[in-house]
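Report on the structure
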Amino acid sequence: MDPFAPARYSRAVYSADDSAAGAPQAGPPQDGAPKADEPLIIVPVRRFVMFPGVVLPVTVQRPASIAAAQEAARTQRPVGVLMQRDPSQDAVDPLNMHRFGVVANIVRYITTPDGGHHLICQGEQRFFVEEFVRAEPYLAARVRLIEEPDASAPEIEARFAHLQAQATEALQLTPQTPPELIAAVANAPSASALADLVAAYMEATPEQKQDILETVELKARMDLVSNILAQRLEVLRLREEISRQTKATIDERQREMLLREQMASIQRQLGEGDGKAQELAELAEEIARADMPKEVEEAARKELKRLERMPDASSEYGMIRTYIDWLIELPWKLPQDGGIDIAEARRILDADHFGLDKIKRRIIEYLAVRKLAPQGKAPILCFAGPPGVGKTSLGQSIARAMGRKFVRVSLGGVHDEAEIRGHRRTYVGAMPGDVIQAIRKAGARDCVMMLDEIDKMGAGVQGDPAAAMLEVLDPEQNATFRDNYLGVPFDLSHVAFIATANQLETIPGPLRDRMEVISLPGYTDQEKLEIARRYLLRRQLEANGLAPEQAQIDDDALGEIIRGYTREAGVRTLEREIGRVLRHVAVRVAEGTASAVHVTRGDLAEILGPLRFEDEAAMRVSTPGVATGLAWTPVGGDILFIEATKTPGHGKLILTGQLGEVMRESVQAALSLVKSRADSLGIDPAAFDRADIHVHVPAGATPKDGPSAGVAMFVALTSILTGRKVRSDTAMTGEISLRGLVLPVGGIKEKVIAAARAGLTRVLLPARNRRDYDDIPAQAREKLAFFWLETVDDALAQAFEEAPAVAETA
């Protein structure tokens, strides 16, 4: 930005003598000061500040301003140039005017054919408005002239020299600076004249210039001008530095191009081989060896011809070379199929993973189909389940069983379509999409590609990556997948795609329809114990540099870690806790205080601290009004406590615990059902009008929603109103209707596993969820007694310690 922008508007700078001699005038020059007994004619201006000692153009447009200028020119009187406070206001109002202005002589009055009025004004002296004495047809005011202070002090002289140096440097850095302005700064007669001259022509806001005008004390005025000019100087210096660097870069490129041309000429004179020709010949050979499809090879050779005609120093040369390298390095040839050994695949799956029998059976079926029909269109598998249950490691095991390369593409947080399809080559730094990059990394067209966290993709302004995945995962279309960067089709039909997800609900329907979903439930405590013994313990021993004989953890200690220090569907936290125990052992071994350590259950409190989780069911359900429900979460199942209490009131229902709209409606339905059965339950109907009922679901910081807590809500409300306790070993789930029916819900497998993990022994489930019984792991079925509910009467019969007398179902 130009700190002396107004200088381009008025290239001539006049002193007091110059204006009289060199500028046209409207008549004899005014004496520069109003007479003591007559008011000063005021010319109001907007976004403009006049300063003493400078000549600047002033454009007047409003009737009051034109009348003031014409009257001053007619009577040959000076005018007072005064800035308006609010520039958006058209009407001339004395209350909207600043009090400090400058007395100016009208050197010339110019009218243009289009009706414009322009004044050439020479500033003379500051003034302060004592009072406005006239408002129509122009402003007039009685003013007090302000004399310039004495400027003979040494500190003023120092500031004068500093400001003069600043202004000179700024003018030298500013392009197209008028020589007259440089001379005026160099020949400024006094400190006050220099400060006003610099303030008039430097770039600053009208408010900043008005502050300078109102600063009468010379030292403070010069400091204010110097500070504003210093900020503008920093901008000018940076601009000059950037310009110098850019010019140096361009000169360096020109020098490099010239040297390359000279080097090529010298090589031709010496009869040496042309390096570029040799490079192009090697590229042609590599294209021939790549065994590309005809269409791809034609595109590669076309780009190679463009490369031959292009100088090495061209910026596009590197882009084309990179594109040809990508085409050459992609695996266009299909490797020979070594066959799939089903027995070996089963052994690998059993060695890598404990349990998951249903999942392993489906993977073996998948591998058997690929073995019998290698050219067939295999389904796209999607492993869905909570974190830490082994989804990614299952994909690695499948790759080992098939004898293929394994690559992983992380889709979590991807919100740009170009991440899948690639960027077009018109952009600088363009690259192929993640799918093509992964195939190049694997070096095989029939690799196993893990699309991790496919449910975490999100749409953005750059497009929807989930829509781009439709072509990738469709066996009918991916044989001709076209990446935007490559611009040629690539066959993805031989890639074994395996996706992973935590929540299926966030995957778009068309994308989910292209995949076969295989659900992985959470592990039971027994399965976690086996996984810890077989895999986690060995892995953490290696990670902490311990030999098996140096550290041992018995089964009781592992079981205590599982039950008391972790509560998860997977085993990631369990592995971290085992790592903490082994690090404690590693310290003792490294210090030499022990050569081998055997960790027992009693040692855990010292190493891991007190228990983090305990069986709260018995403690929470020890009073009437509390029931244990079962909930589904994205990381597995969990138990949920429903607490109800009543207080004297007027029949209000109070709900707390961050309940969602569906869950609130479920509580309302449960209360209405209790009211409708009050007689059969032994509840006084009048009691509802004399008490407020408060229902709370603990863990208030966690949002909760869904209809599956309806049975637990009904049981908790019945318990508080009848005074009967709910069994502490029982959990329940199910939606209820106003007719008293128990309706089916989802997530039965995860909920039952959570009940078994929490130490419960009985679960009450909707009778219409019997179809989900086979999906429940055997270990959980052995620990729990199942009761199937048709109506809420069945729930009351099983939930209370003593079954209440209930009427026939309506």
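Now for a quick tour of the structure. Computed from a prediction, not measured in an experiment: that's the story for all the values here.

What counts as what
Each residue is numbered by its place in its chain's sequence as written, counting from 1. At least 70 in pLDDT is required for a residue's local features to be given in this predicted model, at least 80 for side-chain atom pairs to be given and counted, and no such filter applies to totals for whole chains, interfaces and linings, which use all residues. Only hydrogens and water are removed before side-chain values are computed, so all heavy atoms of the structure are retained for them. Ring geometry is summarised as follows: Phe, Tyr and Trp rings, the Trp one being its six-membered ring, pair when their centres sit within 6.5 Å, and such pairs are stacked at plane angles under 30 degrees, edge-to-face over 60 and tilted between the two. By definition, being over a ring means that NZ of Lys or CZ of Arg is both within 6 Å of the ring centre and within 35 degrees of the ring normal. To define a nonpolar core, start from buried Ala, Val, Leu, Ile, Met, Phe, Trp, Tyr and Cys residues and group those joined through side-chain atoms within 4.5 Å. Between buried and exposed lies partly exposed: a residue is buried under 20% and exposed over 50% of the maximum accessible area for its type, with that area taken using a 1.4 Å probe on protein chains only. Secondary structure elements follow DSSP: runs of H or I of four or more residues count as helices, runs of E of two or more count as strands, with numbering from the N terminus. Whether two residues are in contact is decided by their heavy atoms, any of which lying within 4.5 Å being enough. To get an axis, fit a line to the C-alpha atoms, keeping to the stretch in contact for a helix; angles then go from 0 to 180 degrees between the N-to-C directions. It is the rotation of the near helix from the far one that decides the hand of a crossing: anticlockwise by less than a right angle makes it left-handed, clockwise makes it right-handed. All amino acids are sorted into three groups, where Ala, Val, Leu, Ile, Met, Phe, Trp, Tyr, Cys and Pro are nonpolar, Asp, Glu, Lys and Arg are charged, and the leftover types, Gly among them, are polar. Only one rule defines a salt bridge in this text: a Lys or Arg side-chain nitrogen within 4 Å of an Asp or Glu carboxyl oxygen. Being paired, for any two strands, means DSSP has found at least two bridges between them.

Considering all chains together, one arrives at 6 aromatic pairs under this definition. In this structure an aromatic cluster arises from ring pairing among Tyr773, Phe786 and Trp788. When the ring centre of tyrosine 323 is taken as reference, the NZ or CZ atom of arginine 425 above it lies at 3.8 Å.

Counting 56 residues, the largest nonpolar core has Met449, Ile454 and Leu473 as its most contacted members. Per-element accounting of this core gives the leading share, 7 residues, to helix α10 (residues 315-329). Excluding its chain neighbours within four sequence positions, the residues that come into contact with isoleucine 454 are Leu411, Leu473, Ala499, Thr500, Ala501, Ile507, Leu511 and Met515. Leu529, Leu541, Leu546 and Ala586 belong to the second-largest nonpolar core, a separate cluster that totals 55 residues.

The next thing to look at is the packing of helix α12 (residues 357-372) against helix α13 (residues 391-402). The geometry of α12 relative to α13 is characterised by a closest axis approach of 12 Å and an angle of 35 degrees between their N-to-C directions. Note that α12 runs across α13; the crossing there is right-handed. Contact residues: α12 offers Ile359, Ile363, Tyr366 and Leu367, while α13 offers Leu394, Ile398, Ala401 and Met402. Along the lines of polarity and charge, the residues of the contact of α12 with α13 split into 8 nonpolar, no polar and no charged.

Applying the stated criterion across every chain, the model contains 45 salt bridges. Three or more residues are tied together by salt bridges with common partners; here these are Arg126, Glu148, Asp196 and Arg221.

With that out of the way, let us pick up the sheet that holds strand β12 (residues 496-501). Pairing within the open sheet is parallel, and its 5 strands lie in the order β8-β9-β12-β7-β13. The sheet is open, and its two borders are formed by β8 (406-410) and β13 (515-519), each paired with just one other strand. This sheet shows a mean twist of 25 degrees between the axes of neighbouring strands, independent of strand direction. Strand contacts of α13: β7 (380-384), β8, β9 (448-452) and β12, with the helix running at about 175 degrees to β9, the strand carrying the most contacts.

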